[in-house]
Amino acid sequence: MAPFSSQTSANAGNDAESESDVLVDILPSFEFYYNLHRNIPSLPAGNDFYEHPPAYQASLHDSVSENTCVSSVSQANEPRIANSAAIEGSTIRPGTDPPGFLPIEKLYTLPNIKEPVSVKIHVTKQSSKFNKQPEFENMLKEHTSGDVIHGYVIIENKSDKPIKFDMFYLTMEGVVTRYERNGGVITKYNKRFLRMVELSASWCYVVEDITSGDFLCSVHDQYDDTHYGLTNDKILCPRKARKKFFTFKVPSQLLDDTCPQSHFSHKLLPPSFGIDRYENNGIYRDLEVQPSLGYYRHSTRGFPLLTSDLSEDVSITYAIVGNIVGRSKDGQHCILSQGKYHLRIIHCGLALNLDSMCEGSQTLAAFEKSVLSRLQVMDVFFSKLEKGAPLTREDLEDLADDDHRQQRSKSSYVSELGLHRETEKTKLIDSDEQDLVETGLAYTLKGATGLESTLNLLTGRPENKREKNGVLNVKVISPKAALDYYAPDLIRARNSFAQKPKVLQENLKQMKESILMEEKGSLTTIKFVLTCSESKSGEQHAPPQLKNVTAELISITKKTQGCHSVPVSPTLLLDHIKFKNLTGNYKKIRDKVLDYLQKFAAEEENFKNIFYDETGLELSIDRIIPKSMVEEVSRLASIEVDIKNVKDYLKVVNLDQIRKQPWSKVTSHEFKNIGEIKLAISNPQKFTVVPTFETCLCSRYYFIRMCFIFDRSVGECTVDVPVQIRNLFNI
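Residues numbered from 1 in each chain as written. Predicted model: local features only at pLDDT ≥ 70, side-chain atom pairs only at ≥ 80, totals over all residues. Heavy atoms only, no water.

A look at the overall build of the protein
Across its full length, the protein holds 18 helices and 32 strands. The buried share of the protein, reckoned over its 731 residues, is 50%. Here the contacts in the protein between residues at least 6 apart in sequence split such that 77% fall between residues at least 24 apart. (Helix = DSSP H or I, 4+ residues; strand = E, 2+ residues; numbered from the N terminus. Buried < 20%, exposed > 50% of the residue type's maximum accessible area, 1.4 Å probe, protein only. Contact = heavy atoms within 4.5 Å.)

Topic: helix H12 (residues 502–513)
Along an α-helix, residues three or four positions apart point the same way, because every turn accommodates 3.6 residues. An ideal rise of 1.5 Å per residue puts 16 Å on twelve residues; H12 measures up with 16 Å between its terminal C-alpha atoms. Inspection of H12 places Leu504, Gln505, Asn507, Leu508, Met511 and Lys512 among the buried residues, and these make up the whole buried set. Taken down its axis, H12 places every buried residue within 160 degrees of arc, on the same side. Those residues of H12 that are exposed and aimed more than 90 degrees away from the buried face are Lys502, Val503, Gln510 and Glu513. (Expected span 1.5 Å × (residues − 1). Arc of directions from axis to C-beta.)

Considerations on the packing of aromatic side chains
Within the structure shown, the criterion is met by 15 aromatic pairs. In this structure, Arg192 is placed above the aromatic ring of Tyr108, and the distance from its NZ or CZ to the ring centre is 4.1 Å. Against the face of Tyr152 rests Lys243, its NZ or CZ located 4.6 Å from the ring centre. (Phe/Tyr/Trp six-rings, centres within 6.5 Å; stacked < 30°, edge-to-face > 60°. Lys NZ or Arg CZ within 6 Å of the ring centre and 35° of its normal.)

Thoughts on the sheet that holds strand E11 (residues 220–221)
A sheet is described by the order of its strands in space; here five strands give the open sequence E6-E7-E14-E12-E11, paired in mixed fashion. Taken across any chain shown, the strands that pair with only one partner, and hence form the sheet edges, are strand E6 (117–124) and E11. Direction of pairing for E11 relative to strand E12 (residues 226–228): antiparallel, over a ladder of two bridges. Bridge assignment links Asp221 to a residue of E12, and that residue is Thr226. (Pairing = 2+ DSSP bridges.)

As for the pairing of strand E28 (residues 670–681)
Both faces of the sheet carry side chains from a regular strand, because those side chains alternate between them. Pairing analysis gives nine bridges linking strand E23 (residues 525–534) to E28, with the strands arranged antiparallel. Paired with Ser533 across the bridge in E28 is Glu670. In the sheet, strand E26 (residues 650–652) pairs with E28 via three bridges, with the strands oriented antiparallel. By the bridge assignment, Val652 is partnered in E28 with Leu679. Pairing of strand E27 (residues 664–667) with E28, which is carried by three bridges, proceeds in the antiparallel orientation. When the sheet's bridge partners are listed, Ser664 is paired in E28 with Lys672.

Section: the side chain of Thr583
Structurally, Thr583 is set in helix H15 (residues 576–602). Contact partners of Thr583, with chain neighbours within four places excluded, come to Leu636, Ala637 and Ile639.

Points about unusual backbone geometry
In this model, Asp648 sits at a positive phi of 65 degrees, which is unusual for a non-glycine residue. Positionally, Asp648 belongs in the loop between strand E25 (640–646) and E26. Positive phi, normally seen in glycine, also occurs at Ser713, with a value near 55 degrees. Relative to the helices and strands, Ser713 is located in the loop between strand E30 (698–710) and strand E31 (715–723). Judged by its relative accessible area of 57%, Ser713 falls in the exposed class.

Here we look at the confidence of the model for the protein
In this model, the protein carries a mean pLDDT of 78, and residues with pLDDT of at least 70 account for 75%. Helix H3 (residues 66–73) is the least confidently modelled element of the protein, averaging 28 in pLDDT, while E6 averages 96, the highest of any element. Contacts of residues 398–416 to residues separated by more than four positions or lying in other chains number 36 contacts, the stretch itself having pLDDT below 50. Low pLDDT, under 50, characterises residues 421–434; the predicted model gives this stretch 32 contacts beyond four residues in sequence or across chains. (pLDDT = per-residue confidence, 0-100.)

Some thoughts on the packing of helix H6 (residues 362–387) against helix H17 (residues 627–637)
Orientation of H6 relative to H17, taken along the N-to-C sense of each, is 125 degrees, at an axis distance of 12 Å. Between H6 and H17, the angle is such that the two are oblique. In the packing of H6 onto H17, the handedness of the crossing is left-handed. Residues Leu364, Phe367, Ser370, Val371 and Arg374 of H6 touch H17, and the partners they reach there are Met629, Glu632, Val633 and Leu636. Among the residues forming the contact of H6 with H17, the class breakdown is six nonpolar, one polar and two charged. (Axes fitted to C-alpha atoms, helices over the stretch in contact; angles between N-to-C directions. Parallel < 35°, antiparallel > 145°, perpendicular 65-115°, else oblique. Left-handed = near helix turned anticlockwise from the far one by under 90°. Nonpolar A, V, L, I, M, F, W, Y, C, P; charged D, E, K, R; others polar.)

Quick notes on the nonpolar core
A general trend in soluble globular proteins is that nonpolar side chains are found buried together. By size, the foremost hydrophobic cluster in this structure holds 107 residues, and its most contacted members are Phe168, Ile320, Leu553, Ile704, Met706 and Phe708. When residues of this core are assigned to their parent elements, the largest contribution, eight residues, is made by strand E17 (residues 314–327). With sequence-adjacent residues up to four places away left out, Ile320 is seen in contact with Ile121, Val123, Ile149, Leu170, Thr171, Met172, Phe246, Phe248, Gly339, Lys340, Tyr341 and Leu343. Ile556, Tyr586, Ile610 and Leu619 belong to the second-largest nonpolar core, a separate cluster that totals 40 residues. (Core = buried A, V, L, I, M, F, W, Y, C linked by side-chain atoms within 4.5 Å.)

Details of the pattern of salt bridges
Under the definition given, this model contains 22 salt bridges. Of the charged contacts, one joins Glu640 and Arg178 as a salt bridge, the two residues approaching to 3.2 Å between their closest N and O atoms. Within this pair, whereas Glu640 is found in strand E25, its partner Arg178 is found in strand E9 (residues 167–182), the two being separated by 462 residues in sequence. A relative accessible area of 33% places Glu640 in the partly exposed class. Residue Asp595 pairs with Lys599 through a salt bridge whose shortest N-O separation is 3.4 Å. Of this pair, Asp595 and Lys599 are both found in helix H15, four residues apart, which corresponds to roughly one turn of the helix. You can call Lys599 partly exposed: its relative accessible area is 40%. (Salt bridge = Lys/Arg side-chain N within 4 Å of Asp/Glu carboxyl O.)

Remarks on the packing of H15 against H17
Put simply, H15 and H17 touch, their axes get as near as 8 Å, and they point 145 degrees apart. H17 is crossed by H15, and the crossing has left-handed handedness. Where H15 abuts H17, its residues Thr583, Tyr586, Lys587, Ile589, Arg590, Val593, Leu594 and Leu597 lie against Val630, Val633, Ser634, Leu636 and Ala637. Residues that form the contact of H15 with H17 fall into these classes: nine nonpolar, two polar and two charged.

A closer look at H17
Within the span of H17, buried status applies to Met629, Val630, Glu632, Val633, Arg635, Leu636 and Ala637. In this fold, the buried residues of H17 make contact with H6 and H15.

Re the pairing of strand E20 (residues 436–445)
Within E20, seven of the ten residues are buried, which leaves the element mostly enclosed by the surrounding structure. Direction of pairing for E20 relative to strand E21 (residues 468–477): antiparallel, over a ladder of ten bridges. Residue Tyr443 lies in a different strand from E21, and its bridge partner there is Gly470.

Given below as structure tokens:
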């Protein structure tokens, strides 16, 4: 993306809009990235490998495929346990790198040393002009997809000696971080899912005057006494400040290789969520939200914004990061200085299939069956090893008719490992009405009161001994519309549609146009159907009346150690018993698998001695239980959920109307009551409920818990309705 200033227009001084830059999307140079940014220069100190730009001829003989280039620009492989943020591995072309070069993914594994070099990043509302005071961006700014972020970075040597550096990188990055507590030990999992390189703002070659050595583009900015650009010799002069401008565009989605399991929802941009309290040696550890504001903001620009978004030990952070890489005294690579400017990004939100949120996972059951069947194969192997019987290819390919396999059926594993099976309490109707969630309640009305008994005695009417009982059924239509994302009042006011420039307003309109018509509106009503079926053997009676209806928002934060390919229904996560059984089952399966792997490793040579195959097939444990399956089992066993009841967030505004809603008689023993519940956000200042999202390490889902309370001490029916929260931009 390249900015073109329009201030040379004849009407530039008369039209404020003409002062804003016109941005043109330009395909970035992948060869530029590969030559300068894919690897950290690691040649011996003093080597002048980077003194001159690479020759065109070399690039022509070293072409690369588009997919490989894209993978390196923003790579997101499996997360790993780390003590500090790290970019995980990337696709590297074999045999094309000069010896001694380190891949850029190892940048955050380098040590930090204290050098008198400052990197300060400034974000402005428009692209800056030389010799003019910039207009800085609002500190409560919320960005979204398509927004353009302008700014500049100043690199200053504050010492009296020149400082040599190897590379300067300016990137916009997104990181999801999760902390897992186990006793006194805190383990950190992180994944860098976004890394956008600003090629022109990072160090790159510039044209110099041969006679003077000065930059032809080295403009002096009198506003802050800086000079534009970094020198080709990569030396920061004493007490001198250098400036580079940058422009980033917030993407609409991530690269295809962001998720190793290729889940599409993981490729969408997640919202800013939580805060990494242990970043920079825990400088944010004690921050607390100010109740009167609904957020916490430090007075320094670029600090993260903390809101009450119900996050615990998990965060999604965006920042513009500047890193200067140099050498320590012993010649090893290190980070001389780092600057960071945190951004708050709120995407429109994930468009989930709400029906799938309530369905039992057939894929989950099929995966469990596959794992158990492979454990049976291992039983066959150990049984034959014990008896000294030979192993053949058929033992690997098809054991359906093997007598040993018949000795251990899947049901025996279910019994041995103590695996539990539960049924859904609240279910999705499996018919043409697949947008309904239902629950039921059997009731028995109390007998006549003391006054009624006295009246019956005085009037001589016999007392009816038959019971008044029946079944109440509640069906709630899953809404297509979503609840609005609400930020605290001041943040909401600073980011209102009217406050945005025309270019950003058009961007928001285009984003909203991409949403399906039935999903564009805000969720304000939920329709319900009540059915009362009287017992035919009991006394006929009037159906119980609705006494009260409540609506409570349920927030589910799912946390994992890595991305699992088998989907897990949010409804299952919401059910405490089912979820406990799920993780308990997979912990037992994991322990069994690891035990078998250990035993196989100890007897591997003996297994190879009894295995025979004419084609020379090699026997390995990966043919029976692949490493990917072992990792999948471990991840499913490690799932954690954090369920929060967001009290007083929603309120029912038409309760009186619902109470007066009459029953309609359908048959002699069946009644029906159809109505709608009108909802409103009652206290958006207290909580900042971020849009629905899914990532490889954490996800956020929502349900509305509808409670229908009936009179005459009948009881109550509770149904959990899946719902989404989306940022509809208040257009």
